[in-house]
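Coordinate analysis (summary)
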Amino acid sequence: MPIHNLEVAQKFNKLANLLEIQGANPFRIRAYRNAARVIDSLSKDIADMIAEKEDLTELPGIGEDLAEKIKTIIKTGELPLLKQVEKRIPSVLSELLEVEGLGPMRVKMLYKNLKIKSIEDLKTAIKKGRVRKLAGFGEKTEKKILQGITHRYEYAKRNRLADTFSIVDSLIRHLKRDKTVKQVECAGSFRRRKETVGDLDILATAEDGKKTVEHFIKFEEIAEIISRGPTRSTVRLRSGIQVDLRVVPETSYGSALLYFTGSKEHNIAIRKIAVQKKLKINEYGVFKGKKQIAGKTEEDVYRQINLPYIAPELREDRGEIQAAQKKQLPQLITLESIRGDLHCHTSATDGNADLAAMAKAAEELGYTYLAITDHSQRMSMTHGFDKKAILAQIKAIDKLNEKMKKLVILKSIEMDILEDGSLDLPDEVLKELDLTVCSIHSKFNLPQKKQTERLIRAMDNIYFTILAHPTGRLINQREAYAINIEQVMQAAKERGCILEVNAQPDRLDLNDIYCKMAKEMGIKLAINTDAHSVSQLDYMKFGVFQARRGWLEKSDVINTLPLQALKKLFKR
DNA sequence: GCCGTTTTCGGCCCGACTGTTTTCAGTCG
């Protein structure tokens, strides 16, 4: 049974939590958390790295000790130190740290004095009024903890990025109604375009922060005001989303934006560089001694530590700072460079607009090509195409293409990959198409080896062009099916197959880490909407966001090419 | 526990708000 990166990361995180409750050296705790994060965002299985005798201490934040611990976990599935610590601090205490308002000190107090181990214990103790009697606790703290327990279940899920766009829009419009507010922007993971967003972090500049906060808390969607001070406030909206507002003077806007955009890890890394240069960076600016020397724009702040501007999507401390120092940052792809969409459906199968409507909409977006990719026969519930139906659609497209002025409709199909890796329609039909978009819609639970072989065998077919939603995951709903992603990518590279970045808000598949991995392996990608309606063609921006987070440039993405160059790529 | 243009020891990012205190610890981002 192979041990996955996630499990190694979870063990380190748990150990960090327990050590924190125990009162260990905070920097040692940070080292474990940092290692967990680094391992979790690796594009490669750490077990494979060990098998290939790679030096784990080359990884940032991994030294001799942690490298040994990782090897032990991979070999035995256990972390002896964690077992040892669990003897003194029950493992379940880790879960108490997830409650809003509870940190390591309070969890320790609750355990030592009241023997509280679980959330259930905690609820009972609060009901009996025992918690408020502890030193440092009071009635209000008790109430807050109780609320934290409720919120833990209600608001545990992070929101899909696309779902937060309209909320952010109404928040910003509300703040702008206050005429003393000058600049407003939503920072945080929203600005980094992370596929899911937890809290919303709003930054504003104004002369009088107190007045701005007063205006902010009048926002009609607010359910609860959690805190309010002269420069910041935290509220919870009726939708459950927490919003943090921060107000700073204009001279600090850049450094505050940087700080509030994060990621936390990116901030720590750049503040460290500042310390080396005898400077201090905080949300108010860059300081030399007590004197502010920069802070109005993000560019100013980066310049002070000899770095070029780093796009928000890259700010994860996953190598962007090192790349910036070497002047090797990618020129990230933009929405404007997309020339067409290579995956969409019509009402002939499960879409809700017909061929002409989809083509017209794509033309209005300024596209020069659009591939129509209705389902194949295996997808019977969508009225998937058999041989006769696809030949009829080819005819219809030929006819419509004669009338189109600026747009060429490409003939294609979303071909089901069957359990044995064969394709759902014979080659004699596939050769009539410009390209194929192939994907898995059944048998998600095959063992990893079989699922990997299934995909590779499908790619053996010379009419296979694009692997659509390559991992099959659905955000907050379904895990990816088990495949060896490195082997699949290697096979795609050898056969000249393209991988998709599917822009549907609940797919965003490939994810950011796999995008970067594909790019590093020299594989080309296509960003497609998989639109089932005219309006869904606008999902393209979400695909581009994910691609940017995956360091993709225009040259990595095939649907930035002019039609002639694109067609050459389709020929294998 | 990691790390090194202050290099094998001694540092490790920085500040706001709340509640329980009566000057600050704890938590959060």
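What you see is a predicted model; the values in this text were computed from it and never measured.

Bringing the layout of surface pockets into the picture now. Considering only enclosed or pocket space, the second largest pocket measures out at about 190 Å³ in volume. In terms of lining residues, the second largest pocket is bounded by L430, K431, L433, D434, L435, T436, I462, Y463, T465, F570, K571 and R572.

Interaxial distance between helix 1 (residues 5-22) and helix 4 (residues 64-76) falls to 10 Å at its minimum, and their mutual angle equals 125°. When the axes of helix 1 and helix 4 are compared, the pair comes out oblique. Here the hand of the crossing between helix 1 and helix 4 comes out right-handed. Residues V8, K11 and F12 of helix 1 form the contact with helix 4, whose own contacting residues are L66, K69, I70, I73 and I74. Per-class residue counts for the contact of helix 1 with helix 4 are six nonpolar, no polar and two charged.

We now examine helix 9 (residues 139-154). Think of an α-helix as 3.6 residues a turn; residues three or four steps apart then line up on the same face. Compared with an ideal rise of 1.5 Å per residue, which puts 16 residues at 22 Å, helix 9 spans 23 Å between its outermost C-alpha atoms and is within 8% of the ideal. Of all the positions in helix 9, only T141, E142, I145, G148, I149, H151 and R152 are classed as buried. Contacts made by the buried residues of helix 9 are with helix 6 (93-96), helix 7 (104-114), helix 8 (119-127), strand 5 (222-228) and strand 6 (232-237).

Another aspect to go through is the pairing of strand 18 (residues 525-528). Side chains L525 and I527 project from strand 18 onto one buried face, and the interleaved A526 and N528 project onto a second face that is buried too. Bridge count between strand 17 (residues 498-502) and strand 18: four bridges; the pairing is parallel. When the sheet's bridge partners are listed, E500 is paired in strand 18 with A526. Following the chain from strand 17 across helix 22 (residues 512-521) to the adjacent parallel strand 18, one finds a crossover that is right-handed.

Right, let's talk about helix 22 for a bit. Across the ten residues that make up helix 22, a large majority, seven, are buried. Positive backbone phi, at 80°, marks G522, one or two positions downstream of helix 22.

The next subject is the pattern of salt bridges. Under the counting rule described, the total for this entry stands at 39 salt bridges. In this structure, R236 engages E100 in a salt bridge whose closest nitrogen and oxygen atoms are separated by 3.1 Å. Placement of R236 in strand 6 and of E100 in the loop between helix 6 and helix 7 is noted, with a sequence separation of 136 residues between them. A relative accessible area of 4% means that R236 is categorised as buried. The class for E100 is partly exposed, based on a relative accessible area of 36%. A salt bridge links E428 to K387; the shortest N-O distance between them is 2.6 Å. Taken together, the residues E428 in helix 19 (residues 427-430) and K387 in helix 18 (residues 387-403) connect sequence positions 41 residues apart. One network of salt bridges, with partners in common, ties together R192, E316, R318, D512 and R549.

In this section: the nonpolar core. The biggest cluster of nonpolar side chains holds 61 residues, and the ones touching the most others in it are I417, M489, L499 and I527. Residues in contact with I527, not counting those within four places in the same chain, are I333, I338, V501, M540, G543, V544, A547, V557 and N559. If you look at the next biggest cluster of nonpolar residues, it comprises 52 residues, including Y32, M49, L56 and L82.

Moving on, we get to the domain arrangement of chain A. If you check the domain split of chain A, you get domain 1 (5-155), domain 2 (159-247), domain 3 (252-325) and domain 4 (335-570). Relative to domain 4, the C-alpha centre of domain 2 lies at a distance of 37 Å. The partner domain 4 presents eleven residues to the nine residues of domain 2 that form the contact. Carbon and sulfur atoms make up 65% of the area that domain 2 and domain 4 hide from each other, which totals about 910 Å². The interface formed by domain 2 and domain 4 holds one salt bridge in total. Where domain 2 touches domain 4, the interface holds three residue pairs in polar contact (both at pLDDT 80 or more). With three residues, helix 10 (residues 161-176) is the largest single contributor of residues to the side of domain 2 that touches domain 4. Residues belonging to the side of domain 2 that touches domain 4 are distributed by class as follows: three nonpolar, one polar and five charged.

To continue, consider the UniProt feature "domain: Helix-hairpin-helix DNA-binding motif class" (unreviewed entry) in chain A. Within this numbering scheme, the UniProt entry marks residues 54-73, 94-113 and 129-148 as carrying the feature "domain: Helix-hairpin-helix DNA-binding motif class" (unreviewed entry). Counted over residues 94-113, helix gives 65% and strand 0%. Its end C-alpha atoms are 17 Å apart. Between the C-alpha atoms that bound residues 129-148 the distance is 17 Å, and the span itself is 50% helix and 0% strand.

Taken together, 51 residues form the shell around DNA strand B, and within it R30, G63, G101, G138 and R271 come nearest. A share of 76% is what sugar and phosphate atoms reach among the atoms of DNA strand B within 4 Å of the protein. Within the backbone of G101, an N or O atom sits 2.6 Å from a phosphate oxygen of DNA strand B. One of the backbone N or O atoms of P230 is found 3.5 Å from a phosphate oxygen in DNA strand B. Within the residue set of the surface near DNA strand B, elements represented by two or more residues are helix 2 (26-40), helix 4, helix 7, helix 9, strand 5, strand 7 (242-248), helix 14 (264-276) and strand 8 (280-282).

In this section: the side chain of N559. Within the secondary structure, N559 is located in the loop between helix 23 (540-549) and helix 24 (563-570). A polar contact is formed between the side chain of N559 and the backbone oxygen of I527, at a distance of 2.7 Å. Setting aside its immediate chain neighbours within four residues, N559 contacts S337, I338, R339, G340, L342, Y369, L525, A526, I527, N528 and M540.

Thresholds applied
Residues numbered from 1 in each chain as written. Chains lettered and ligands numbered in written order. Predicted model: local features only at pLDDT ≥ 70, side-chain atom pairs only at ≥ 80, totals over all residues. Heavy atoms only, no water. 1 Å grid on protein atoms, 1.4 Å probe; cavity = no way out; pocket = protein on both sides within 12 Å on 5 of 7 lines; lining within 4 Å. Points joined across faces, edges and corners; volume = space filled by probe spheres on them. Axes fitted to C-alpha atoms, helices over the stretch in contact; angles between N-to-C directions. Helix = DSSP H or I, 4+ residues; strand = E, 2+ residues; numbered from the N terminus. Parallel < 35°, antiparallel > 145°, perpendicular 65-115°, else oblique. Left-handed = near helix turned anticlockwise from the far one by under 90°. Contact = heavy atoms within 4.5 Å. Nonpolar A, V, L, I, M, F, W, Y, C, P; charged D, E, K, R; others polar. Expected span 1.5 Å × (residues − 1). Buried < 20%, exposed > 50% of the residue type's maximum accessible area, 1.4 Å probe, protein only. Pairing = 2+ DSSP bridges. Right-handed = clockwise from strand over helix to strand, strands pointing away. Salt bridge = Lys/Arg side-chain N within 4 Å of Asp/Glu carboxyl O. Core = buried A, V, L, I, M, F, W, Y, C linked by side-chain atoms within 4.5 Å. Domains from an automatic or database assignment. Buried area = accessible area lost by both parts, 1.4 Å probe. Polar contact = N/O pair within 3.5 Å; in protein donor to acceptor, adjacent residues only side chain to side chain. UniProt positions renumbered as here; feature names shortened; annotations may be inferred. Near = heavy atom within 4 Å.

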